[in-house]
Amino acid sequence: MAAVELRGVTRRYEGGAGPVVALDDVSMDVEPGEFVAVMGPSGSGKSTLLNLVGLLDAPDEGTVRIEGRDVTDLGVDERTRVRRDTVGFVFQDFHLIPTLSALENVVVPTVFGGDPARERAADLLERVGLGDRLEHTPDELSGGQKQRVAIARALVNRPRVVLADEPTGNLDRDTGARVLEELTAVTDDGVSVVAVTHDPVVAGFADRTVRLRDGVVV
Amino acid sequence: MRLPALFVARRNLSRNRLRSALAALGILVGVVAIASLGIFGNVLAVGADDALGDIGTQVIVTPNADAGFETIDDRTVTEIERAVADVSEATVVPLRTDGGLVRRGGNAAAATIYGIENPAAIYEAREGRLPERHRQGAVVGAGLAETLELRAGDNVEVDGETHRVVAVLEPVETFTPVSPDDAVMLPEGAVGGDGYEQVVVEADTGPEATASAAAVEAAVNDREERVDVFELSTVVDEIDEFFSLLSGFLVGLGGISLFVAGVSILNVMLMSTVERRREIGVLRAVGVSRADILRTILIEAALLGLLGAAVGVAVTVALVTALYLATPVELWVVLHPMNGVYLLAAFAFGVLVSVVSGLYPAWKAATERPVDALRG
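The structure displayed is predicted, hence computed values, not measured ones.

Caption draft 1: Examining the domain arrangement of chain B more closely. Each domain of chain B was delimited in the assignment, giving domain 1 (4–51 + 238–375) and domain 2 (57–231). Its C-alpha centre places domain 1 of chain B at a distance of 55 Å from the equivalent point of domain 2 of chain B.

Right, here's the structure in full:
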């Protein structure tokens, strides 16, 4: 069973000059433990695709399944719950909470569940090589370190799929490579990774590359 | 971390301490305004009520000079007593009034001289003992006693006749038409003349006084206007009404400042949620529910309110204490239960206003789509 399954997914936005089709009848599977790079120029629908897989958005047509479960038409709250339990996010500009330490940033997704996973968070930071940076705040960390904190945060709720939006976009080549190694390591535990990127280096680390142009898989 | 929303809310507030403190300050000012203005108004009302106490419960009956009555005769006094007894427990005290010179040694003073049979019914002694039935001796008012340096046991000369002072009265601070401070009271027989110049009806409560006055009016002035009945309980009611209006007005002023404080909380919460837009987007993306976001921001607003209101209550208590120390207001007036009600109500309103002001920012932040928030 695919970790993520898109079938005939179409997403339109209301633009100034009529509806804009961001994704047009896209079908795609991501297997457990697979690292998929989604590439394409700006405006090709990459981010829309990521938002749909990440349950931040719903398609106008088609279905989205996560581990076989149809999540296309879930309500906002149910969607939030599924997102918490199955999806992890890594953003281009990290989106760490500036006032929290590295450790607390990783704990955040578990805090509101009432059972903050501090030990797991510390383990994950250890795993991404930041065991000695637990109490550092984001402004005391380099870009690569921040992105590794973000990866740890994405994993804290034991997701089935980690979605990365330009994970190396703000990093230099070497640091980017280090982050990509961490993302690749994630797949060893059977977690799928979908990375949306301009960066051909990312594609080099991926098992498979999907190319989008004008909302269509090419 | 039993209450994650509380923990996160506190953390968020401490991120911009100055702004949080200023927002709480707004609530503080509002709470102080409501509570202190309310309490001051109440202290005024209670104090005035106390000062007016006796005129509110006394009815003074005097002969109607216009109709040719110079005194109230015994028969009329009996009628008054009967009329009063029918409607209340009030005490009827007939007074003979005269004026004259009071002397002790080389000192002399002009004084009102009352002939009174039962001074214990309406006055209290500071020194000596007030006789139940006043047969002999003089009862001296506080002011007169001071002027002539009189004490119980001394002899005093009233209009040429010497009397032994049996009691000195407590000073009477409240306003009363029958002021004993500069008076000397003798037994009825010692004051010349027939009948009485006034009859005091002393009731326990304002309504009793009003009823007694009406009864006397009905019984004695039935066929002829023989007496004037003077009672102030209705005036006291109006004064009370004025003070409650004043309190309401003052509290209203306080309410306006609390409203302004609410707007400032709204503004602060709105600003802080706009600033944290991406962060809230991230929280929503990693699976924090809308309810948790809403709760967190409401708790932030409530904490600002609690902080401001708690300090506001403390400041108000300090102000009231200062008022007590700096003015002759009596302790029981300051500790009047209504003041506590104002304090609690101001506190509750402060918190309530904060939470209500947090509602819109909280709702706005919680319901924004994470995709939009993350895009920034």
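After that view of the structure, there is still more to cover.
Caption draft 2: Main features of the sheet that holds strand β8 (residues 192–197) of chain A. All names here are of chain A. A sheet is described by the order of its strands in space; here 6 strands give the open sequence β6-β7-β8-β3-β9-β10, paired in mixed fashion. The open sheet has two edge strands, β6 (87–90) and β10 (216–217), and neither has a second partner. Pairing of strand β9 (residues 208–213) with β10, which is carried by 2 bridges, proceeds in the antiparallel orientation. Directly across from Leu212, in β10, lies its bridge partner Val217.

Caption draft 3: Molecular detail of the packing of helix α2 (residues 17–51) of chain B against helix α7 (residues 233–275) of chain B. Residues and elements named next belong to chain B. Packing of α2 against α7 brings their axes to within 8 Å, and their N-to-C directions diverge by 175 degrees. Accordingly, the angle class assigned to the pair α2 and α7 is roughly antiparallel. Class assignment for the residues of the contact of α2 with α7 results in 22 nonpolar, 11 polar and 3 charged.

Caption draft 4: Inspection of the interface of chain B and chain A at higher detail. Every contact between the two is made by 18 residues of chain B and, on the other side, 20 residues of chain A. Looking at the side of chain B that touches chain A, the elements that each hand over two or more residues are α1 (4–15), α8 (277–285), α9 (290–326) and α12 (370–375) of chain B. Here the element with the most residues in the side of chain B that touches chain A is α8 of chain B; it accounts for 5 residues. Grouping the constituent residues of the side of chain B that touches chain A by class yields 9 nonpolar, 2 polar and 7 charged.

Caption draft 5: View of helix α6 (residues 206–220) of chain B. Between its first and last C-alpha atoms α6 of chain B spans 21 Å; for 15 residues at 1.5 Å apiece the expected length is 21 Å, and the two agree. When α6 of chain B is considered as a whole, its buried residues turn out to be Gly206, Glu208, Ala209, Thr210, Ala211, Ser212, Ala213, Ala215, Val216 and Val220 of chain B.

Reading the values: rules and limits
Residues numbered from 1 in each chain as written. Chains lettered and ligands numbered in written order. Predicted model: local features only at pLDDT ≥ 70, side-chain atom pairs only at ≥ 80, totals over all residues. Domains from an automatic or database assignment. Pairing = 2+ DSSP bridges. Helix = DSSP H or I, 4+ residues; strand = E, 2+ residues; numbered from the N terminus. Axes fitted to C-alpha atoms, helices over the stretch in contact; angles between N-to-C directions. Parallel < 35°, antiparallel > 145°, perpendicular 65-115°, else oblique. Nonpolar A, V, L, I, M, F, W, Y, C, P; charged D, E, K, R; others polar. Contact = placed C-beta atoms within 7 Å. Expected span 1.5 Å × (residues − 1). Buried ≥ 20, exposed ≤ 12 C-beta atoms within 10 Å, placed from the backbone.

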